[in-house]
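Structure at a glance
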Amino acid sequence: MSDSPFANMHRMELWSTFAVYLLAGWSSVQIASRLEVTPKVYFSWGQAVREVVAEECPDLHQWWTTRHYRENLQPPEHIAAQQQAVVTWIETMLNAQHATCPRCGGTRTYRNKGVRPNFKCDPCVTCFSILSGTPLVGMIRPELWVDFVKEVMDGQSIPDLKRRSGLGMGGSTRWREQFLLLIEELGHPELLQWITWMRSRRNNEAVSFVRQGGYLDKATRSVYPQGTRKGRFVSQK
Ligand SMILES: [Zn+2]
């Protein structure tokens, strides 16, 4: 042990748990409070685990490091499948041509024109949306949902989401919350954990990007008509 990276470190019984949390993408705050270790201990254990992994499991080290620094956002297979399931669920809902009436249970229903999956039941003259009861009910611009949720699943920040979607800060925040809720309701907790990991690393990435001379625009692109926001004109690109 004396010439291993863990030489002179204490509380050996916690090392393996620490390594599992670190490799699973838990943030420093989560790990430090769960294991009741100080930031200094967290840092030196983190160094030691990385050295051991680099030495003993170079493939895992390579995989983990590229994710941790967001050089590669490709998740493990089972999480990629969950991401795909979320996208497919949204697309299926938006493209649905048939629905069962929630009032009479009948299937003689017709889809209204438009992007929203709104239906009308012929026999009982009821109008309904198949998104009722889901987190997406009442959200505008369904044509932006799939691209938006993909960004959320890659752990992009609110300014990133705003920049790419053209929604406002408030809109981007709300949309992200609704999509996270949807992912939870669809039963993908591992995907939520993946998002937490990737999101926790995004600020770090953005800061290094800017330090190295990269340019992040001020996210002024907007989906709202010009001139409607408190007299401020927003350039449409
Ligand atoms: Zn009906």
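Everything numeric in this text was worked out from a predicted model, so none of it was measured. (Residues numbered from 1 in each chain as written. Predicted model: local features only at pLDDT ≥ 70, side-chain atom pairs only at ≥ 80, totals over all residues. Heavy atoms only, no water.)

Concerning unusual backbone geometry
What counts is decided by this rule: Under the scheme used here, helices are H or I runs from DSSP no shorter than 4 residues and strands are E runs no shorter than 2 residues, and both carry numbers assigned from the N terminus. Buried residues are those whose accessible area, probed at 1.4 Å on protein chains only, stays under 20% of the maximum for their type, while exposed residues exceed 50% and partly exposed ones sit between those limits.
Even without glycine at this site, Asn 8 takes up a positive phi of about 70°. Checked against the element boundaries, Asn 8 lands in the segment before helix 1 (15–23). Of the residues examined, Asn 8 reaches a relative accessible area of 76% and is grouped as exposed. With phi around 55°, Arg 11 is a residue other than glycine that occupies positive phi space.

Focus on the sheet that holds strand 3 (residues 126–129)
We count it as follows: Note on pairing: two strands pair once DSSP finds at least 2 bridges between them. As a rule, the C-alpha atoms of each element are fitted with a line to give its axis, helices using only the stretch in contact, and angles between N-to-C directions run from 0 to 180 degrees.
The strand order across the open sheet formed by three strands is 1-2-3, and the pairing between neighbours is antiparallel. Both outer strands of the open sheet, strand 1 (109–111) and strand 3, are each paired with one neighbouring strand and no more. When the angles between neighbouring strand axes are averaged without regard to direction, this sheet yields 30°.

A closer look at the nonpolar core
Rules: What we call a nonpolar core is a set of buried Ala, Val, Leu, Ile, Met, Phe, Trp, Tyr and Cys residues that are connected through their side-chain atoms within 4.5 Å. What marks off one domain from the next here is an automatic or database domain assignment. Note on contacts: a residue pair qualifies if any of its non-hydrogen atoms lie within 4.5 Å across the two residues.
Counting residues in hydrophobic clusters, the biggest one holds 47 residues, and the most contacted among them are Ile 90, Trp 145 and Phe 179. Of all the elements in the fold, those that place two or more residues in this core are helix 1, helix 2 (28–35), helix 3 (39–56), helix 5 (77–95), helix 6 (145–153), helix 7 (158–165), helix 8 (169–185) and helix 9 (189–211). Taken domain by domain, the makeup of this core includes at least three residues from each of domain 1 (12–68) and domain 2 (77–211). Those residues in contact with Trp 145 that sit more than four places away from it in its chain are Ile 90, Leu 94, Arg 116, Leu 131, Leu 136, Met 139, Ile 140, Trp 175 and Phe 179. Counting residues in each nonpolar core, the second largest holds six residues, with Ala 96, Phe 119, Cys 121 and Phe 128 among its members.

Describing the domain arrangement of the chain
Put simply, the rule reads: Accessible area that two parts lose when put together, evaluated with a 1.4 Å probe and summed over both, is termed the buried area. Any Lys or Arg side-chain nitrogen located within 4 Å of an Asp or Glu carboxyl oxygen qualifies as a salt bridge. Whenever a nitrogen or oxygen atom comes within 3.5 Å of another N or O atom, the pair is scored as a polar contact, on the condition that within protein one atom can donate a hydrogen and the other can accept it, and that pairs from neighbouring residues in sequence are kept only if both atoms are in side chains. Under the scheme applied, nonpolar residues are Ala, Val, Leu, Ile, Met, Phe, Trp, Tyr, Cys and Pro; charged residues are Asp, Glu, Lys and Arg; polar residues are all the others, including Gly.
Assigned domains of the chain: these are domain 1 (12–68) and domain 2 (77–211). A separation of 33 Å is found between the C-alpha centroids of domain 1 and domain 2. Domain 1 puts eight residues into the contact, and the matching count from domain 2 is five residues. If you sort the residues of domain 1 by the area they bury against domain 2, Gly 25, Arg 67 and His 68 come out on top, with a joint share of 61%. Put simply, domain 1 and domain 2 have zero salt bridges between them. At the boundary of domain 1 and domain 2, one finds two residue pairs in polar contact (both at pLDDT 80 or more). Among the elements that take part in the side of domain 1 that touches domain 2, helix 4 (residues 58–68) stands out by supplying four residues, more than any other. Its residues placed into classes, the side of domain 1 that touches domain 2 shows five nonpolar, two polar and one charged.

Looking at the coordination of the zinc ion
What counts, and what does not: Excluding water, the donors of a metal are its N, O and S neighbours within 2.8 Å, or within 3.2 Å for Na, K and Ca, and that exclusion means sites may look incomplete. Square planar and octahedral assignments, for four and six donors respectively, both demand that opposite donors be over 155 degrees apart and that all other angles lie between 65 and 115; tetrahedral needs four donors with all angles between 85 and 135 degrees, and anything else is irregular.
For the zinc ion, the full set of protein donor atoms is Cys 101 (SG), Cys 104 (SG), Cys 121 (SG) and Cys 124 (SG), and the range of their distances to it is 2.2 to 2.3 Å. Given four donor atoms and angles of 105 to 120° at the metal, the environment of the zinc ion is assigned as tetrahedral. The sequence motif formed by the donor residues of the zinc ion is C-x2-C-x16-C-x2-C. Residue Cys 101 is found in the loop between helix 5 and strand 1, and its partner Cys 121 is found in strand 2 (residues 118–121); the two are separated by 20 residues along the sequence. The residues Cys 101 and Cys 121 share a single accessibility class, namely buried.

Things to note about the pairing of strand 2
Burial along strand 2 is one-sided: the face carrying Phe 119 and Cys 121 is buried and the face carrying Asn 118 and Lys 120 is not. For strand 1 and strand 2, the ladder comprises three bridges, and the chain directions are antiparallel. Within strand 2, the position partnered with Thr 109 by the bridge is Cys 121. Following strand 1, the chain reverses through six residues before pairing antiparallel with strand 2; Gly 114 in that reversal takes a positive phi of roughly 120°. Pairing between strand 2 and strand 3: four bridges, direction antiparallel. Paired with Asn 118 across the two strands is Ser 129, which belongs to strand 3. Between the end of strand 2 and the start of strand 3, which pair antiparallel, lie four residues, with Val 125 showing a positive phi angle near 50°.

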